Amino acid sequence: MNTPNYVYSNLDGMFRDRMLRGLSLYDVASQCDVSVRALKDYETRRTSPKQGMYNRLAGVFGWEAWI
């Protein structure tokens, strides 16, 4: 299964989107039930979330879901 391009685009803008919404890493981590460390890794593109985690992030940020 190929990852859609919009997934990478959204992840590239995750820090910006988080700042625009006034959310801390802890806020997002709590909403997505993930560690702050994992979120930092996603924001810096050190790692990428799997589909389920991406969709939880999409719910927080209003991104298109990865179906």
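Bear in mind the structure is a predicted one, so any value in this text is a computation, not a measurement.

Conventions and cut-offs
Residues numbered from 1 in each chain as written. Predicted model: local features only at pLDDT ≥ 70, side-chain atom pairs only at ≥ 80, totals over all residues. Heavy atoms only, no water. Helix = DSSP H or I, 4+ residues; strand = E, 2+ residues; numbered from the N terminus. Rg over C-alpha atoms; globule rule 2.2 N^0.38 Å. Contact = heavy atoms within 4.5 Å. Areas by Shrake-Rupley, 256 points an atom, 1.4 Å probe, with all protein chains shown as cover. Axes fitted to C-alpha atoms, helices over the stretch in contact; angles between N-to-C directions. Parallel < 35°, antiparallel > 145°, perpendicular 65-115°, else oblique.

Enquirer: Is there a simple way to explain the overall build of the protein in this structure?
Expert: What the protein contains, in helices and strands, is 5 helices and 0 strands. Walking the protein from its N terminus toward its C terminus, one meets helices and strands in the order α-α-α-α-α. Relative to its length of 67 residues, the protein is compact, with a C-alpha radius of gyration of 11 Å against a globular reference of 11 Å. Long-range pairs, those at least 24 residues apart, make up 55% of the contacts in the protein with a sequence separation of at least 6. Approximately 4,200 Å² of the protein is accessible, and the part contributed by carbon and sulfur atoms is 50%.

Enquirer: Where do I start with unusual backbone geometry in this structure?
Expert: Working note: non-glycine residues mostly have negative phi, and peptide bonds are mostly trans. The phi dihedral of Asp 33 falls on the positive side, at around 55°, and the residue is not glycine. In this fold, Asp 33 is placed in the loop between helix H3 (25-32) and helix H4 (36-43). Phi is positive for Arg 45, which is not a glycine, with a value near 65°. Within the element layout of this structure, Arg 45 appears in the loop between H4 and helix H5 (51-61).

Enquirer: For this particular structure, what's the right way to read the packing of H3 against H4?
Expert: Relative placement of two packed helices is described by the angle separating their axes and the distance separating the axes. Direction vectors running N to C along H3 and H4 enclose 110°, while the axes themselves pass 9 Å from each other. With respect to their mutual orientation, H3 and H4 come out roughly perpendicular. For the pair H3 and H4, contact is made by Leu 25, Tyr 26, Val 28 and Ala 29 and by Val 36, Leu 39, Lys 40 and Glu 43, respectively.

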